[in-house]
Amino acid sequence: MSNPTEQINEIKKLINQYNHQYYVLDEPSVPDAEYDRLMQALIALEQENPTLKTTDSPSQKVGGLALKAFTQVTHQLPMLSLDNVFDLADFNSFIKRNKERLHSNKALTLCAEPKLDGLAVSLRYEKGILVQAATRGDGAIGENITENIRTIKSIPLKLIGVLETDYPEVVEVRGEVFMPKASFEQLNEQAKKRGDKIFANPRNAAAGSLRQLDSKITAKRNLAFYAYSLGFVGNLQGDELTEEFFESSHYQRLCQIKLLGLPMCPEVRLLSNENESEAFYQNILSKRAALSYEIDGTVFKVDDINQQKRLGFVARAPRWAIAYKFPAQEELTTVEDVEFQV
Ligand code: NAD
C-alpha cells in the first residue's frame, strides 16, 4: 500500500467507523480481534512516523460518545481506557518500562483482575445514596443512565455503613456492567422464538440493555456489576479526601469498596511479584469457559497508589495498568453471519 500518510489516514477512517458502530450504535461490524489488529497497526505506524501522530488520532482518544438521547454527565475525574498487550514479551516490556520510571529494581506488587467484557460505568454516591450513574462516553462526558442502573440488583442504592461518617460525602465507584452468559443465552433464545434479531455477544447485549430509554426493558435483562476502581472521593464542595478514607493499595481499596456493599470479582488477586502474572493469566484463561460471565483477558495494575501517582497517565490510559488480552476466539466470518440489534 501507498505511503505512511495514506496508510494512517485509511486506518484512522476505518477505526473511526468501527468506533461509531461499536460505541454509539452498539452494532459492531467486525470482530474485536480485527479492530485490535488495526489499532496495533496504527500505533506501530505512528511510532515509526512520530510527526504523523495527531492528537485527534483514535490511538490517543478514549473511544465512545454520549448519545444525545440521554442527558450528559461530565465526569469529575476522567474515565480512561486501558493499553493492551497480547503476549508475554510485551507484558514484560510494560513491567520494565514502569520499573525504569520508578527507578526501582524491586519486585512490583500487582493487583491482578479478569478483564470483564461489558461496559464501564461510574456510580456516584452522595451521603451514601446512589444519586447518579453514567457511562464512560468519550472519557470526559458520559450518558446519565441512573434509572437503568437502579434496576441492577447487585448495585446497592445505599452504601453499607452504620454512621454517615463511615464513608465520605461523595464516593464514586467505577466498574463493569455485564450480562452473565446464562442471561445472554436466555435473551437470545427468547429473541429467536419471537423472530427478533439476536445480540452478537454478551458485551453488545449489556451495552444495548443499559442504554435503553425505558428502564423497564433494562430491568428485564439480568445485568450484573463488579467494581474495579474509585472515581472522585471527597466532600460535596469538591475537596478530594481519598487518602483520608481509603488505603494506599489498589487491592485493599477494592476490599473496602466491597465492605461498602458493592460486588467485587471473586477472581481478583494481589500478586507480590510480577513473575506471578503469567500463572494468573494462564489460570484465568483455563477457567474462562467455566466462568459465568464473559472475559477477554486479564488486567494488571501496579498496586501501590503512590507508585500509580508517580507513573501517571498518557492520553487515553494509565501507565500503571495493562490489559493482557486472550487470543482471539472469533473470526470475521462468524461475526458477519450474525445480525446485530441495539
Ligand atoms: P478496552 O475494553 O480494551 O479496555 C478498557 C475497558 O476495560 C475499561 O473501560 C473497562 O470498561 C474495561 N475493564 C474490564 N475489566 C476491567 C478491570 N478489571 N479494570 C479496569 N477496566 C476493566 O478498551 P475500550 O477503549 O473500552 O475498547 C477498546 C476495545 O473494544 C478494543 O480493543 C476492541 O476489543 C473493542 N472494540 C471493538 C470494536 C469493533 O468494531 N469490534 C470497536 C471498538 C472497540
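K.L.:
Help me understand the sheet that holds strand β7 (residues 170–178) in this model?
P.N.:
By definition, the strands of a sheet pair up through backbone hydrogen bonds, in either a parallel or an antiparallel sense. Across the sheet, 4 strands lie side by side as β5-β4-β7-β8; this open sheet has antiparallel pairing. Two strands lie at the open edges of the sheet, namely β5 (129–135) and β8 (224–234), each paired on one side alone. Mean inter-strand twist for the sheet, computed between neighbouring axes without regard to direction, equals 25°. Sitting on the sheet, helix α6 (residues 202–210) touches β4 (119–126) and β7, and the angle it makes with β4 is about 40°. Across the sheet, helix α9 (residues 250–259) touches β7 and β8, and the angle it forms with β8 is around 105°.

K.L.:
Quick question: what am I supposed to make of the confidence of the model for the protein chain here?
P.N.:
When pLDDT is averaged along the protein chain, the result is 92; 95% of the residues meet or exceed 70. Counting interchain partners and residues more than four positions distant, the pLDDT-below-50 stretch residues 331–342 has 28 contacts. In the model output, the complex is listed with pTM 0.93 alongside ipTM 0.96.

K.L.:
Just to check I follow, could you spell out the side chain of N98 for this structure?
P.N.:
Relative to the elements of secondary structure, N98 occurs in helix α3 (residues 88–101). Judged by relative accessible area, N98 falls into the buried class, the value being 2%. If near-sequence neighbours (up to four positions away) are discounted, N98 is found in contact with L108, V302, L311, R319 and W320.

K.L.:
Help me understand the site of the ligand, please; the structure alone is not making it clear to me.
P.N.:
If you check the shell around the ligand, you find 26 residues, and the closest are Y23, V30, D36, S81 and E176. At 2.7 Å, a side-chain N or O of Y23 approaches an oxygen atom of the ligand. A distance of 3.3 Å is found between a nitrogen atom of the ligand and a backbone nitrogen or oxygen belonging to P114. Protein coverage of the free-state accessible area of the ligand, which is 830 Å², stands at 94%. Of all the secondary-structure elements, those providing two or more residues to the shell around the ligand are α1 (4–24), α2 (32–48), β3 (110–116) and β10 (295–302). When grouped by side-chain class, the residues that make up the shell around the ligand number 14 nonpolar, 3 polar and 9 charged.

K.L.:
Looking at this structure, how should I read the sheet that holds β10?
P.N.:
Pairing is mixed in the open sheet, where 5 strands are placed in the order β2-β11-β10-β3-β9. In this open sheet, the two edge strands, each paired with only one partner strand, are β2 (84–85) and β9 (269–271). As paired elements, β10 and strand β11 (residues 321–325) share 5 bridges and run antiparallel to each other. Residue pairing in the sheet places F300 in a bridge with I322 of β11. Across the sheet, α9 is in contact with β3, β9 and β10; its angle to β3 comes to roughly 55°.

K.L.:
Could you clarify how one ought to interpret the side chain of H250 in this entry?
P.N.:
Here H250 lies in helix α9. Leave out the neighbours within four places in its chain, and H250 touches C111, E113, Y228, S229, K301, D303, I305 and Q308.

K.L.:
Can you help me understand the pairing of β7 in this one?
P.N.:
Looking down a regular strand, the side chains alternate between one sheet face and the other. Within β7, 9 of the 9 residues are buried, which leaves it mostly tucked inside the rest of the structure. Sheet topology note: the β4/β7 ladder contains 8 bridges and is antiparallel. Within β7, the position partnered with V121 by the bridge is G175. Strand direction decides the pairing type here: β7 and β8, joined by 8 bridges, are antiparallel. By the bridge assignment for β8, E176 is matched with Y226.

K.L.:
What am I meant to see in the packing of aromatic side chains here?
P.N.:
Counted according to the given criterion, the structure contains 12 aromatic pairs. On the basis of an interplanar angle of 40° and a centroid distance of 5.9 Å, the ring pair of F91 and F94 is categorised as tilted. A residue pair is termed a helical-turn pair when its members lie 3 or 4 positions apart in one helix, as F91 and F94 do in helix α3 at 3 residues. The exposure classification of F91 matches that of F94, with both residues buried. Here the aromatic rings of F313 and W320 are separated by 6.3 Å at their centres, their planes lie at 75°, and the arrangement is edge-to-face. Accessibility expressed as a relative area gives 49% for F313, which makes it partly exposed. Given a relative accessible area of 14%, W320 falls into the buried group. Each residue in the set F91, F94, F280, Y281, F300, Y324 and F326 is aromatic and connected to the rest through ring pairs, giving one cluster. Directly above the aromatic system of Y22 lies the positively charged group of R203, at a separation of 4.1 Å from the ring centroid.

Procedures and definitions
Residues numbered from 1 in each chain as written. Predicted model: local features only at pLDDT ≥ 70, side-chain atom pairs only at ≥ 80, totals over all residues. Heavy atoms only, no water. Pairing = 2+ DSSP bridges. Helix = DSSP H or I, 4+ residues; strand = E, 2+ residues; numbered from the N terminus. Axes fitted to C-alpha atoms, helices over the stretch in contact; angles between N-to-C directions. Contact = heavy atoms within 4.5 Å. pLDDT = per-residue confidence, 0-100. Buried < 20%, exposed > 50% of the residue type's maximum accessible area, 1.4 Å probe, protein only. Near = heavy atom within 4 Å. Polar contact = N/O pair within 3.5 Å; in protein donor to acceptor, adjacent residues only side chain to side chain. Areas by Shrake-Rupley, 256 points an atom, 1.4 Å probe, with all protein chains shown as cover. Nonpolar A, V, L, I, M, F, W, Y, C, P; charged D, E, K, R; others polar. Phe/Tyr/Trp six-rings, centres within 6.5 Å; stacked < 30°, edge-to-face > 60°. Lys NZ or Arg CZ within 6 Å of the ring centre and 35° of its normal.

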